[in-house]
Amino acid sequence: MERRETRKMSRFLSHHLDGIEAIGSEKTVKIRRMMDYFTIIMHGSEETNFTATCIGSRGEGLEFECSDKDVMLSDNRVIVIQPNDEIPEGDVSKTVLVMDTTGCMPGYTLLRQHQVGVLYNGEVMGAMVHFPGSVYLSSVVYISNKLNPGHYQHGPCSTTTCHCRVGHEVDRAYCFHCLSWPDSLSDFRSRTIHCVWPSRQLVNHIVKQGCYFVAIGDKHSSLNAMQWRISFAKAEKSLVMSFNHVHLKTYALLKIFLKECLEREESIKDLLCSYFMKTILFHAIEHSTSSMWVDENIVQCFWFCFTILLEFVQTGYCPNYFVLTHNMFLSNVTGDNRRRLLHVLNKYQCMGWKCLFQCPSLQSLPQEVIESRSMYPLANHEQLVMEEFRQDELIRMLFDHMRIIDIAAAFSSANMDFLKCPNDNISDLLLLYFIKAMTITSSNITADLTLSHRYTNKRVYTKIRKNKWLLHMSSATDVCEGLLLLATFYINAGSYSKASAVATRVVSACQQSALIQRFGHFKNSEYLNDMCGKGYTLLQKFKRSFVLVYRIFKKQNKLYPPELDLEVAADEEGIDIPPLPYAVFLLVLSAYKLGDTKKARTTLDDLLAVRRNEVYGVRNYPILHNLVGICHQLLGNTRHAVKSYEESCRLLPDNRAAASRITELRRHQKEERGDTDVDALDYCNVPCRYERYEPDDDDDDDDDDDRLHYH
C-alpha cells in the first residue's frame, strides 16, 4: 500500500512541477535552452576578445526568480597549458600560462608566465607578480583589474545589476582556457568507465573540451592571492544538458527544498548552496540505475539525494564531482556550523520524504492527491493553455531581442541536435530563426546599397532586387516587423507610395485583437482565449499575433530612414520603437516626401494620438517624442518640435539626439531674428537632469481643441 501511495504522489508531484513557471514541461525547457544558445550566437560576448557562455541554472533551462544571470567569459588572447604540453600551432601568438600545482590543494593551481602574446593584454600583464623563481599571474590583482565602475567582486566574478530584470544581478566570471584535461584529474575518466551515466561519449566530450581557470584561490592557503581555481562550469553544463526531464525536476526539487526550507532556518541559512545540490545530484545519478529516474519515482529520487546530503554532512566531506579529493565543505560546513546543519537535517529526516511538503509552494499537493480518485493526475486544460502561452512568450522575447552579427558563423556552429527534434513547433522555431537571420542580413545589405546612391551600377541594382525579395518573404512571417523593414526600404529607395501602402497595412495589423507584444498592459486573456489551446502551429501564431519591436543598431538592423541619423548615432545600445507609432511616422514621412503636406499634417495628428495611448508607455519609449518632433520640424513648426524634444529630454536626460536638435533649432531661431551672436545659445529652457516635469497648461500637442499652425 505504501509503495502504491508513493507512486501516486510521485506522479502528481511530477505533474505539479511541470506546471511551475520556473520549471515547465520538457518542451519549455528545450525552448529556454535554445534561447540561451541562439542568444550567445546572436550577441556573442559583450567584450572584445572574450568568448561568452551562459552557465548556472538559467543556462541549463530553469528560470527560478531568485537565480541571477551567470556568464563565463574566456579570454581568447590567453591559453593555459600543462608543464609537458606543447603550444598548439594556432595559439603561438597568444600569452601562454603554465599550470604549477606546487603547494596547492586539489582543484587549485598557480599560473606561471611562459610567453607574452603579440596582442597587449593590460589586465593580465598588470597582474603579473615576481614570485620565487619566476613570474606568476595573481588572481587577486587580475580580478581587481577587471572590476569596471558599478561592479563589485563576488567570489571569482565581477558582479553588477541586471538592467533587464529589476532586483537581479549578472555575475561575469573571467577565465582562461586549457585545451587539455589536467593529468591530476584523470580519476574522472577512470572511475566512470563502467557507469551508465555519464556515458563514455559524454565523458570523452567533457575531457576533450578541457577546463577553465577562474580568479579565486584556496582560502586556507598562504598562496591564496596567487592561486586559481579549476572551473568545470562548461563540463557541468554538458552533464545537465544530458539529463532527462526527471533528472532536471529532481534538481529543481532540491533547489526548492533548499530555498523554502533549509534557508528559512536562520542558524544554517548560508551554509549550503545550489551548487552543492547539483553536485549531490551528479553523484546520485552516477550511483544509480537509469530505470530509477522516471516520473513515478520522483519522490524516491529526491529522498535518495537527501540521504546523500545527510551522509556528506555526517562525515563533513562533500567531494567535488570532478575532483573527489577536493572537500567542498572545508570552508563552511565544519565545527559548530556542521553540528547545527546536522541537527536541522535530522529533523527533516524524521519526517521522511514528506518533508518536501514543508515547502510553501508544495503544501497544497497532499490534499489534492487525497481528493483524487485516480492514480494519475488528470490533464488540466487551463494548465496546458498557460504552458503554451509561456512558451510563446519565451519565443517572442527571443525574436524581440534578435540581432545577427555573423550569419555564417551562427549557422555553421548551430547544434545539430536541435535540428533532429521531431516537434513541429521546435521545427517552426528553427525555420523562423533562419528566416529572421536572413532578413536581418538582407536588410543590412539593402541599407548599405540604398545609402550608396549608386543606382546606375547594374550590379548594385541587381543586389537590391535580390535582397528586396528576401524582405518580401519576411513580411509574411509576423504581424509587422517584416512589413516595417519593407516600408523602410521603400522610404530609402524613394518609392514613397509603396512605403505608404505597406505602412498602412502595419497600422491595420496592429489594431487587431489577440496580439502578443511587450508594450504596456496588453490583454493576455485575448491571446490565451483566441490563440492558445486551439492547435495552431507556431508559424500560424507568429503570422497572426506576434508583434515585435522595430530595433535599430548602428551595425546590425541598420535599415532606418535618414531622418533618424542623429538618434542612431547617439545611442550605442540601439533603439527600440513600437511598431504602430513607427508605421504612422513612416506615413508622415511618405506624405511629406510626396509633397502632400495636408495629409502629412493629418497623419501627424494620428501620431500624436498614438503617442498619448498608454499602451505604449511613452515613459519607456522617449523615442516617440523624437518621432513627433522630427515630423513637426519637417513641417516647419519649430515651437512644437522643440517642445517634443524637451519632453524627450525630461524622460531621458541623457538623450543626446534630442538635446542636439534643440540646440540646432534655437540656433536657427536666433539667426531668423537677426541676433548677431548666434553662438550665445539660450539653454535656460532645456530641462536639467533633476528637473521635475509639470504639465504645460497650453500644451498644444495634447489639447484636442487647439489647431496646429504650420509656417
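(A) Spotlight on the pattern of salt bridges. According to the stated counting rule, one finds 27 salt bridges in the structure shown. Notably, a salt bridge pairs K249 with D295, separated by 3.3 Å at the nearest N-O pair. Of this pair, K249 sits in helix α9 (residues 245-260) while D295 sits in the loop between α10 (274-286) and α11 (298-315), and the two are 46 residues apart along the sequence. According to the relative accessible area criterion, K249 is buried, its value standing at 2%. With relative accessibility at 37%, the residue D295 sits in the partly exposed group. The partner of D392 in a salt bridge is K541, with the nearest N and O atoms 2.8 Å apart. One end of the pair, D392, is in helix α14 (residues 381-400); the other, K541, is in helix α22 (residues 538-545), with 149 residues separating them in the sequence.

(B) Summary view of helix α27 (residues 638-651). The end-to-end C-alpha distance of α27, which contains 14 residues, comes to 20 Å, matching closely the 20 Å that a straight helix rising 1.5 Å per residue would cover. The element α27 is largely enclosed, with a buried count of eleven among its 14 residues. By the burial criterion, the buried members of α27 are H640, A641, V642, K643, S644, Y645, E646, E647, S648, C649 and L651.

(C) The nonpolar core, seen in detail. Formed by 102 residues in total, the largest nonpolar core has its most connected members in F176, L262 and F322. Sorting elements by how many residues they give to this core places α11 first, with eleven residues. Non-local contacts of F176, meaning those with residues more than four positions away in its chain, are made with D75, V78, V80, L97, L111, V124, L137, Y142, C211, Y212, F213 and W228. Counting residues in each nonpolar core, the second largest holds 66 residues, with L449, F489, Y550 and L635 among its members.

(D) Looking closely at helix α12 (residues 335-351). Between its terminal C-alpha atoms α12 stretches 25 Å, which fits the 24 Å expected from 17 residues at 1.5 Å a residue. Along α12, the residues that are buried comprise L341, L342, V344, L345 and Y348. Residues of α12 that are buried in the fold lie against α9 and α11. A positive phi of about 70° marks G352, the residue just after α12.

(E) Expanded view of the packing of aromatic side chains. Evaluation of the coordinates by the stated rule reveals 30 aromatic pairs. Between Y321 and F322, the ring centres sit 5.4 Å apart and the planes meet at 80°, which makes this aromatic pair edge-to-face. Their ring planes at 20° and their centres at 4.5 Å tell us that F542 and F546 sit as a pair that is stacked. In this structure F542 comes out as buried when scored by relative accessible area, which is 3%. Under the relative-accessibility criterion, F546 is labelled buried at 0%. Ring pairing ties together the aromatic residues W181, F188, W197, F232, F243, F282, Y321 and F322, which thus form one cluster. One cation-aromatic arrangement involves K146 over Y174; the distance from NZ or CZ to the ring centre is 4.4 Å. Against the face of Y321 rests R191, its NZ or CZ located 4.7 Å from the ring centre.

What counts, and where the lines are drawn
Residues numbered from 1 in each chain as written. Predicted model: local features only at pLDDT ≥ 70, side-chain atom pairs only at ≥ 80, totals over all residues. Heavy atoms only, no water. Salt bridge = Lys/Arg side-chain N within 4 Å of Asp/Glu carboxyl O. Helix = DSSP H or I, 4+ residues; strand = E, 2+ residues; numbered from the N terminus. Buried < 20%, exposed > 50% of the residue type's maximum accessible area, 1.4 Å probe, protein only. Expected span 1.5 Å × (residues − 1). Core = buried A, V, L, I, M, F, W, Y, C linked by side-chain atoms within 4.5 Å. Contact = heavy atoms within 4.5 Å. Phe/Tyr/Trp six-rings, centres within 6.5 Å; stacked < 30°, edge-to-face > 60°. Lys NZ or Arg CZ within 6 Å of the ring centre and 35° of its normal.

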